[in-house]
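# Architecture at a glance
Given next are the chains, with one letter for each unit.
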Amino acid sequence: MENPIHKAGFVNIIGSPNVGKSTLMNRLVGERLSIITAKAQTTRHRIKGIVNGDDYQIVYSDLPGILTPAYKMQELMMRFVNESLKDADVILYLIEYGETNYNQDVIEKLQHISIPILLVINKADKASEETIAETKNHWQSLLPQAETIEISALTGFHVNLLLEKIITLLPESPPFFPKDELTDRPVRFFISEIIREKILMLYKKEIPYSVEVVIESFKEDEEIVRIGAMLYCERDSQKGIIIGNKGAAIKQLGIESRKAIEAFLEKHVFLDISVKVLKDWRNQDLLMKRFGYYQD
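Structure report, in brief. Here the structure is a predicted model, which means the values were calculated and not measured.

## Some thoughts on the packing of helix α6 (residues 187-202) against helix α8 (residues 248-265)
At a minimum axis separation of 9 Å, α6 and α8 run at an interaxial angle of 140°. Between α6 and α8, the angle falls in the class oblique. When the axes of α6 and α8 are compared, the crossing they make is right-handed. Here α6 contributes Val187, Phe190, Ile191, Ile194, Ile195, Lys198, Ile199 and Leu202 to the contact with α8, which in turn contributes Gln252, Leu253, Glu256, Ser257, Ala260, Ile261, Phe264 and Leu265. Residue classes in the contact of α6 with α8 are distributed as 12 nonpolar, two polar and two charged.

This is how it looks when you write it as structure tokens:
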């Protein structure tokens, strides 16, 4: 007979835009749920990953990086971060060794909450003892109530120690989700994220940050899945770059995306990608609602 889960909680991962939050999320969950690229600001939504043990359930959240908003979409991304400071049972504040910059508003909120905070120093396996000590001293002066753990999200160094510490901090609670669930997001969301990841990898400058991916059709037959994706950009010039000379760029995007989606779905995929211009979409409230930036 299975032991009933008696500890469960929400563990929210926050940090600056390029400190490896998605890598840590995927490492902790054991599945590739979040986009990983070398570029900053890749996470736009709150993505939950669910991990079950014999007597615990952890609901991790990968959140957008902490930044100063420049347009409406980023304001809503920061809303996800601020909400995560209220509903967490444990907060993982991820930094890199040598990192000193911080958002004053977020730090002040963290200084006045009773939620346990784990200050997680990433890439610690590459840092000198002196640099680690300097980083600890700097951040512990800002968040004296936080406990510090040194890890490498990429290699897994000390991640088991982090997991053990998280479990000790979980409150007693029944599980929030069935044990066979991995995430609260639908398949269409992850397909759009796969395509967006390929856009981040294949295009330069402002293009990846100016594009929203919407899965407009998803039809699953016995042997193949037929997917229609629309890419929304802000200017005609961006549309031209996305399509490329004689359609070469969007063809390459389609090939790379289809391969990754087939690996994700474990099924043959027919992928049709189109591009449409929606001027200044990142500042339009109705479009933000349509694209899911008002959802939890």
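## Some thoughts on the packing of aromatic side chains
According to the stated counting rule, one finds seven aromatic pairs in the structure shown. A centroid spacing of 4.7 Å and a plane angle of 50° characterise the contact between phenylalanine 10 and phenylalanine 176, whose relative ring orientation is tilted. In this pair, phenylalanine 10 is assigned in strand β1 (residues 7-15) and phenylalanine 176 in the loop between α5 (159-169) and α6, connecting sequence segments 166 residues apart. For phenylalanine 176, a relative accessible area of 41% corresponds to the partly exposed category. Aromatic pair phenylalanine 189 and phenylalanine 190: ring centres 5.4 Å apart, planes at 80°, arrangement edge-to-face.

Parameters at a glance
Residues numbered from 1 in each chain as written. Predicted model: local features only at pLDDT ≥ 70, side-chain atom pairs only at ≥ 80, totals over all residues. Heavy atoms only, no water. Axes fitted to C-alpha atoms, helices over the stretch in contact; angles between N-to-C directions. Helix = DSSP H or I, 4+ residues; strand = E, 2+ residues; numbered from the N terminus. Parallel < 35°, antiparallel > 145°, perpendicular 65-115°, else oblique. Left-handed = near helix turned anticlockwise from the far one by under 90°. Contact = heavy atoms within 4.5 Å. Nonpolar A, V, L, I, M, F, W, Y, C, P; charged D, E, K, R; others polar. Phe/Tyr/Trp six-rings, centres within 6.5 Å; stacked < 30°, edge-to-face > 60°. Buried < 20%, exposed > 50% of the residue type's maximum accessible area, 1.4 Å probe, protein only.

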